[in-house]
Amino acid sequence: MPRWRSVWLVARREIFERGRSRGFILSVAFTTLIVVGSFIVPALLFGEDEATKVGVVEPAPTGLAAAIEATAERFDQDVAMSTYPDAAAADAALGNGTVDVVVEMPADLSGPGGIRFDKETDQGTAQLIATATIGLRAQAVLDQSDVDQAALAAAQRPPTITALEPQTEDDQAKFLVANIGAVLILVGIFSFGFTVLTGVVEEKQSRVVEVVLSTVRARDLLMGKVLGIGALGVVQLVVFVVAALAAALATNRLTLPTTTPGAIAMLGLWFVLGYLLYSTALGFLGALASRMEEASNASTPVTMVAMISYFVAIFAVIDDPSGTVATIATFLPPSAPFVVPLRAAFDAIPPWQIGLSVLITMAGIWILFVVGARVYAGAVLQVVGRMKLRDAWRSAGE
Amino acid sequence: MLEILDLAKRYGPVVALDGTTFTARPGRIVGFLGPNGAGKTTTMRCVFGLARPERGEVRWKGSIVDRDTRLRFGYMPEQRGLYPRMRVAEQLSYFAQQHGLPGKVANAAALRWLERMGLADRAKSKLEELSHGNQQRVQLATALVHDPELLVLDEPFSGLDPIGIATMTDVVRERAGAGVGVVFSSHQLDLVEDVCEDVVIIARGRVVASGPIEELKSASGRQHLEVEVAGSDGEWLDGRRDLTVLERSGDRVKLLVDRSVDLDDLLGRARAAGEVRMFAYGPPKLSELFMEAVAPDVATEGVA
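This one's a predicted model, so the numbers in the text were calculated from it and none came from an experiment.

**Student:** Which residues make up the overall build of chain B, and what values go with them?
**Tutor:** Within chain B one finds 11 helices and 14 strands. Seen through its C-alpha atoms, chain B measures out along the principal axes to roughly 75 × 45 × 35 Å. Considering chain B as a whole, with its 304 residues, one finds that 42% of them fall into the buried category. Considering only contacts in chain B between residues 6 or more positions apart, those separated by 24 or more positions represent 69%.

As structure tokens, then:
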């Protein structure tokens, strides 16, 4: 019988048995719910950025509303004006939230007037309105003098406001997408890598492995297991990404950055590579244990490496996506799955580095698999207690 | 024909196999016997490549057994194990396919064997929902589902009730009748005597006796003698060196005696001791052959 058929049968068993299980279906449903929820709930709570509602008490100076609107426009703010016949009516509206702020000013501009909030004063809004009222009164004074009106208008033009390194909405979105990607890869590797680990221990514990290995090569069993569970991981990732994109587009919360399609492709590629690397390591370490408790001990080194790689990616890459640390981490198989998609999300990695990193990681996976399969073969049939790595290696080599 | 040739295997300081050699012919049921730790399971694991011998080889029909050959073998390990949460029919079909059967053929074979085992109504149950005895039947079906040329069963009867044992022996006999080679290990020697034509007895990794049961019996230097003398607990035997007392219960003694023993003389002594109610002489039982064959071990290893 060809080996690929054996591997395929093992993989298919994993896909059907686990894919049908309540645990997997619930976890897919749950993550989808959380993703969609995390977009919809803020949209319901906060909604769009709304205009500040300003109530003006009559009688008011002519042009007050226009002045406030003009000032708001100049500072890129939205206001919605309304008028009330007297102070009591305006304050009532303020109390029940119909307006956010009330402006009261003598119609003949004889006094500075007042700005009232309900509970908290909003300095930004207050200054905006104050600028309008002061300007109105100052204009009245200046109108009576023989000032050059044209020169005055020119003098009142506000300074231009700029930032040295302006952060566009696109940059923020890139940062967000990059971070979500790194977290997804970490969570994906852990949850499905540990499924491989527990699967290996269960097979060993239930002793079914003895029946299986009387026909299937240990290496093929490990490969089929990793591939089958990996296929479920890809299914979950696709569901997750589709749900997130759909929710983002539907709620309009997030303007998708220009890098989105590339980032998703990177996420898929590096999820697969990272999963293959870590699940192979977890799979053969699991074979060294004979009980679940021992398995989590055996897996500690892998967990540590994954966590360190993740934090290197988060801190070093976000700090300086093209720096030395980020570049070195690009070419190390354990950290590449976290670092490369993150750098790519910031557009801070040349294509040749991506290509080389993929090749190095694939080579790393292959070496780990060949070494791991031998340890796995030596350890998985051993029943008594926790086995040492060296003994497993030797026993398979005999 | 299965040939086990000069297998040697150590686990650290423990010698598991030390030149184990025997053969099993198609259509014959071979009982593979030995005290605990004698090397039965290790030998079987060597047949399936689950243990690597340091020396020696396993041959099937003249050529060394490899993975493709093993696809035509069926194995029931001593440590039972199947996937607990997998449905029974799917599980059988899975193992059939791993032995090379195409999907549809495997599905049909799974259902056929479940029916044969009286488990047709449990096809869609998960294995863990079945009773211990039924799980054991599924385990046997797993070894049989791909219609193997050789069946290797490690303690297939342990933990079974009499009905289960009857099903198992029926199936094993039927397969042997179809020309399948069967090797099984067991500690239930009466059952082995009932089911097997040939036996192989192993002790400390070496085969100490093998061949058809009848031949072994007639070749044995000692015969079985059971005597009942009213009112005597066998003191009339005292001082005899040519016999071994197996058991004394009440008036009855069971003995192994040399073939050269003078039966008239023994009968005379028994008569002198009291009224002889029974004096039965004949070939030894398998259990007696076994004890005799592994005798040097019994003191240290014991028999389960």
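Resuming the write-up.
**Student:** I'd love a proper account of the overall build of chain A, names of residues and values included.
**Tutor:** Tallying secondary structure elements over chain A gives 16 helices and four strands in all. Since a compact globule built from 398 residues should have a radius of gyration of about 21 Å, the 32 Å found for chain A marks it as more spread out than a globular shape. Oriented by its inertia axes, the alpha-carbon framework of chain A measures out at about 105 × 45 × 35 Å. For chain A, buried positions account for 36% of its 398 residues. Long-range contacts, defined here as pairs at least 24 residues apart, represent 76% of the contacts in chain A between residues at least 6 apart.

**Student:** Outline helix α14 (residues 336-345) of chain A, listing residues and values.
**Tutor:** Every α-helix carries 3.6 residues per turn, so stepping three or four residues along brings you back to the same face. Residues and elements named next belong to chain A. The buried count for α14 comes to 10 of 10 residues, which makes it a mostly enclosed element. Of all the residues in α14, the buried ones are Ala336, Pro337, Phe338, Val339, Val340, Pro341, Leu342, Arg343, Ala344 and Ala345. Backbone geometry just downstream of α14 places Asp347 in the positive-phi region, at approximately 60°.

**Student:** How would you summarise the domain arrangement of chain B if you had to cite specific residues and measurements?
**Tutor:** When cut into domains, chain B gives domain 1 (2-213) and domain 2 (221-282). For domain 1 of chain B and domain 2 of chain B, the distance between their C-alpha centres works out to 41 Å.

**Student:** Tell me about the confidence of the model for chain B, and please be specific about residues and values.
**Tutor:** All names here are of chain B. On average, residues of chain B score 88 in pLDDT, and 97% of them reach the 70 mark or higher. Averaged pLDDT values for the elements of chain B fall to 50 in helix α11 (residues 295-301) and rise to 96 in helix α3 (residues 88-98). Among the prediction metrics, the complex's ipTM stands at 0.83, with pTM recorded as 0.78.

**Student:** Would you mind going over the domain arrangement of chain A in detail, with residue names and values included?
**Tutor:** Interface size is commonly expressed as the accessible area that is lost once the parts come together. Parsing chain A into structural domains produces domain 1 (3-43 + 167-397) and domain 2 (52-155). Distance from the C-alpha centre of domain 1 of chain A to the C-alpha centre of domain 2 of chain A: 59 Å.

**Student:** Describe the nonpolar core, naming the residues involved and giving the relevant values.
**Tutor:** Residues Tyr376 of chain A together with Leu92 and Ile201 of chain B are the most contacted members of the largest nonpolar core, which totals 153 residues. If one sorts the elements of this core by residue count, helix α10 (residues 260-288) of chain A sits on top with 16 residues. Of all hydrophobic cores here, the second largest spans 20 residues; its members include Val54, Val56, Ile68 and Val79 of chain A.

**Student:** Report on unusual backbone geometry, specifying residues and quantitative values.
**Tutor:** For residues that are not glycine, phi is negative in most cases, and the peptide bond is trans in most cases. A cis amide bond links Glu58 of chain A with the next residue in sequence, Pro59 of chain A, at an omega value of -5°. Backbone geometry places Arg207 of chain A, a non-glycine residue, at a positive phi of 65°. Relative to the elements of secondary structure, Arg207 of chain A occurs in the loop between α7 (169-205) and α8 (208-213). Of note, the phi angle at Arg204 of chain B is positive, near 50°, even though the residue is not glycine. Looking at where Arg204 of chain B falls in the secondary structure, it is placed in the loop between β9 (198-203) and β10 (206-212).

**Student:** Which residues make up the sheet that holds strand β8 (residues 181-185) of chain B, and what values do they have?
**Tutor:** Two modes of strand pairing occur in sheets, parallel and antiparallel, and in both the strands are linked by backbone hydrogen bonds. All names here are of chain B. Strand order across the open sheet formed by six strands is β6-β7-β8-β3-β9-β10, with mixed pairing between neighbours. Of all strands in the sheet, those with a lone pairing partner are β6 (73-76) and β10, marking the two edges. Adjacent strand axes in the sheet meet at a mean angle of 15° when their direction is disregarded. Contacts between helix α6 (residues 162-177) and the sheet are confined to β3 (29-33), β7 (150-154) and β8, with β8 contributing the most and set at about 150° to the helix.

**Student:** Which residues make up the environment of Leu144 of chain B, and what values go with them?
**Tutor:** All names here are of chain B. Tracing the chain through its elements places Leu144 in helix α5 (residues 132-144). We classify Leu144 as buried; it has 24 C-beta atoms within 10 Å. Residues Leu144 and Ala24, spaced 120 residues apart in sequence, show a C-alpha to C-alpha distance of 18 Å. Other than its neighbours up to four places away in sequence, Leu144 contacts Gly74 and Trp113.

**Student:** Quick one: what's the story with the packing of helix α9 (residues 218-251) of chain A against helix α15 (residues 351-380) of chain A, residue by residue and with numbers?
**Tutor:** Residues and elements named next belong to chain A. In the contact formed by α9 and α15, the axes pass within 8 Å of each other and the chain directions differ by 110°. Here α15 runs roughly perpendicular to α9, going by the angle between their axes. Judged by the sense of rotation from one axis to the other, the crossing of α9 with α15 is right-handed. Contact residues: α9 offers Ala218, Arg219 and Leu222, while α15 offers Gly372, Ala373, Tyr376, Ala377 and Val380. Here the residues of the contact of α9 with α15 sort into six nonpolar, one polar and one charged.

**Student:** Outline the confidence of the model for chain A, supporting the account with residue identities and numerical values.
**Tutor:** With 93% of its residues at a pLDDT of at least 70, chain A reaches an overall mean of 85. Averaged pLDDT values over the elements of chain A bottom out at 70 in helix α16 (residues 389-397) of chain A and peak at 93 in helix α1 (residues 3-19) of chain A.

**Student:** Got a sec to walk through the environment of Arg18 of chain A? Specific residues and values, please.
**Tutor:** You can see Arg18 of chain A is positioned in helix α1. With 272 residues separating them along the chain, Arg18 of chain A and Ser290 of chain A place their C-alpha atoms 22 Å apart.

**Student:** Just give me the short version of the pairing of strand β11 (residues 222-229) of chain B, but keep the residues and values in it.
**Tutor:** All names here are of chain B. Because side chains alternate across β11, one face comprises the buried residues Gln223, Leu225, Val227 and Val229, and the other comprises Arg222, His224, Glu226 and Glu228, none of which is buried. Bridge count between β11 and strand β13 (residues 252-258): seven bridges; the pairing is antiparallel. Note that in β13 the partner of Val227 across the bridge is Val253. Of the pairings in the sheet, the one linking β11 to strand β14 (residues 276-282) comprises six bridges and is antiparallel in character. In the strand pairing of β14, Leu225 is matched with Tyr281.

Reading the values: rules and limits
- Residues numbered from 1 in each chain as written.
- Chains lettered and ligands numbered in written order.
- Predicted model: local features only at pLDDT ≥ 70, side-chain atom pairs only at ≥ 80, totals over all residues.
- Helix = DSSP H or I, 4+ residues; strand = E, 2+ residues; numbered from the N terminus.
- Buried ≥ 20, exposed ≤ 12 C-beta atoms within 10 Å, placed from the backbone.
- Contact = placed C-beta atoms within 7 Å.
- Rg over C-alpha atoms; globule rule 2.2 N^0.38 Å.
- Domains from an automatic or database assignment.
- pLDDT = per-residue confidence, 0-100.
- Core = buried A, V, L, I, M, F, W, Y, C linked by C-beta atoms within 7 Å.
- Pairing = 2+ DSSP bridges.
- Axes fitted to C-alpha atoms, helices over the stretch in contact; angles between N-to-C directions.
- Parallel < 35°, antiparallel > 145°, perpendicular 65-115°, else oblique.
- Left-handed = near helix turned anticlockwise from the far one by under 90°.
- Nonpolar A, V, L, I, M, F, W, Y, C, P; charged D, E, K, R; others polar.

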